[in-house]
Each structure stands twice: as structure tokens, then as C-alpha cells.
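Topology and contacts: notes
Residue-level listing of the chains:
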Amino acid sequence: MDGIVLDCSNIVDEEQRTRTIKKLRDSGVPVVSIEYDVEGFYYVGADNMEPITELIRHLYDVHGCRRFVFAGGPPDAFANREREQAFRNCIAEFGLDPADNPILSGDYDYETGVRYMREMHEAKAELPDAFVCANDNIAAGLCAEAEELGYHVPEDFLVTGFDNLDKAVYFRPQITTVWQDRGK
């Protein structure tokens, strides 16, 4: 064979992923890794860090946000880890206390956003100026539950998404989201 295409998105077991990568390294043929950056392999994937960085800087500079929550997806998902790292970098860049800017982990689904909002409400936690969501599904769930609980987005806090799904555009209130040209 001339080369191998690797998609680690469905390999959730770290041990299995490590074994697979080792076998591919030992194969001696070029490997293209999709959405999972592996040293020594060619990488094809979206930039997850710069869009989150730009988004948070905008929230900080233009909207005056000083307290954030990263409403994340699966902690072992490569894209989520990159988005989370960009969040951490921004919090450090602005000199904000990480304890006041928590990172939440869950799934990439609507119900995760519902759960995040419900848990913060039930804990009577101080709400942030902005929820930076790892994707639009989480953002939509968070917004819907917030409205159910009597909050109003964007009046009470801002919510952003990622992926530019149709639901972000047609959701009320419309969700600010990140669009990526994956065709480049």
C-alpha cells in the first residue's frame, strides 16, 4: 500500500489507540491522521484553537466579559482538548483566576448543555459573563434550559457555540458560533 489514513475519533480506549499508532509507525508507509495530531504523521483537521482564542478575545475586549465557563465536550476528544487548551491559554493571558473560570466536561450533545445549566442553577452558582461552548449542540441545550429556568440570553449572560450548525442560526436567541472552512 502507498499510505494509510487514520481516524482515531472512534478509538476511545487509550491503550488501543497507542497500539494502533505504534503499528502504523512500524509499517514504514506514510500515515495521514484525520482530526488527531500524531507526531510523525501527516495531519488533516480543523484549527480548533485559533477560533476559540479569537472568540474569547472578542468577548473580553468588546463585551467586557471577565468571567467565563468553558462548557466542554468529552475530555478525551482531540478537538475538545484543543478548544479547552485555547480557553486555558486565554484565561492565563488575561490574568484571570482559573477557579473563577471553570471547565466543564460532558458529551457533545444538547442534553449536556441542559445539564450544565441545571447544575449551575441548582448549586446557586454565580453565573459567568459568557459560556464558551465546545459546540452548537451544547450551546442550544444550555440556552433552552436557561430560558426554562427564567434566565434570558443574551441579557443575563452570553453563550457561544462552535461548528456553525443550522441550529445555531435558527435558534432563538440566535447563537454566536464559529464557522470553519473544512474544505481548505
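Our structure's up above, just so we're on the same page.
Let us look at the structure shown here. This is a predicted model, so every value here is computed, not measured.

Structural notes on the overall build of the protein
Tallying secondary structure elements over the protein gives six helices and seven strands in all. When the elements of the protein are put in sequence order from the N terminus, they spell out β-α-β-β-α-β-α-β-α-β-α-β-α. A principal-axis box enclosing the C-alpha atoms of the protein has dimensions of 60 × 30 × 30 Å. Buried residues in the protein amount to 45% of all 184 residues. The long-range fraction of contacts in the protein, counting pairs at least 24 apart against all pairs at least 6 apart in sequence, stands at 65%. For the protein, the distance from the average position of its 18 positive side-chain charges to the average position of its 35 negative side-chain charges is 3 Å.

Regarding helix H3 (residues 78-93)
Taking 1.5 Å of rise per residue, the 16 residues of H3 would be expected to cover 22 Å, and the 22 Å separating its terminal C-alpha atoms lies within 8% of that figure. Within H3 the residues assigned to the buried category are Phe78, Ala79, Asn80, Glu82, Arg83, Glu84, Ala86, Phe87, Cys90 and Ile91. Residues of H3 that are buried sit in contact with strand E3 (42-44), helix H2 (49-61), strand E4 (68-71) and strand E5 (103-104). Positive phi shows up at Gly95, right after H3, with a value of about 70°.

Side note on the nonpolar core
Core analysis: the biggest nonpolar cluster contains 38 residues, and Phe68, Phe131, Leu142, Phe157 and Val159 have the highest contact counts within it. Put simply, the parts of the chain that give this core at least two residues each are H2, E4, H3, helix H4 (110-122), strand E6 (130-133), helix H5 (136-148) and strand E7 (158-160). Among the elements that line this core, the one with the most residues is H5, at six residues. With near-sequence residues (within four places) excluded, Phe131 lies in contact with Val69, Met117, Met120, Leu142, Phe157, Leu158, Val159 and Thr160. One finds Leu6, Ile21, Leu24 and Phe41 within the second-largest nonpolar core, a separate group that totals 11 residues.

Notes on the environment of Asp156
Relative to the helices and strands, Asp156 resides in the loop between H5 and E7. Taking relative accessible area as the criterion, Asp156 reaches 40% and is therefore assigned partly exposed. Counting along the chain gives 27 residues from Asp156 to Asp129, while the straight-line C-alpha distance between them is 7.8 Å. Filtering out sequence-adjacent residues up to four positions away, Asp156 remains in contact with Pro128, Gly150 and Tyr151.

Some thoughts on the packing of H2 against H3
For the pair H2 and H3, interaxial distance at closest approach is 8 Å and the crossing angle is 40°. Judged by the angle between their axes, H2 and H3 are oblique. Along this stretch, H2 crosses H3, giving a crossing that reads as right-handed. Here Met49, Ile52, Thr53, Ile56 and Arg57 of H2 come into contact with H3, specifically with Glu82, Arg83, Gln85, Ala86, Phe87, Asn89, Cys90 and Glu93.

Cut-offs applied
Each chain has its residues counted from 1, running along the sequence as written. In view of the model being predicted, local features appear only for residues whose pLDDT reaches at least 70, and side-chain atom pairs are presented and counted only at 80 or more, with totals across whole chains, interfaces and linings using the full set of residues. Based on all heavy atoms of the structure, the side-chain values leave hydrogens and waters out of the count. Runs of H or I in DSSP of at least four residues are treated as helices and runs of E of at least two as strands, each being numbered from the N terminus. Burial status follows relative accessibility: with a 1.4 Å probe on protein chains alone, a residue under 20% of its type maximum counts as buried, one over 50% as exposed, and anything between as partly exposed. Throughout, a residue-residue contact means that at least one pair of heavy atoms, one from each residue, lies within 4.5 Å. Neither His nor the chain termini are counted; the positive set is Lys and Arg, and the negative set is Asp and Glu. Every charge is mapped to an atom, namely NZ of Lys, CZ of Arg, CG of Asp or CD of Glu. The span one expects for a helix is its residue count, reduced by one, times 1.5 Å. Among buried residues, the Ala, Val, Leu, Ile, Met, Phe, Trp, Tyr and Cys ones that are joined through side-chain atoms within 4.5 Å form a nonpolar core. All axes here are fitted lines through C-alpha atoms, helices being fitted over the stretch that makes contact, and every angle between N-to-C directions spans 0 to 180 degrees. Oblique is the label for any angle not covered by the other classes, which are roughly parallel (under 35 degrees), roughly antiparallel (over 145) and roughly perpendicular (65 to 115). By definition, turning the near helix anticlockwise from the far helix through less than a right angle yields a left-handed crossing, and turning it clockwise yields a right-handed one.

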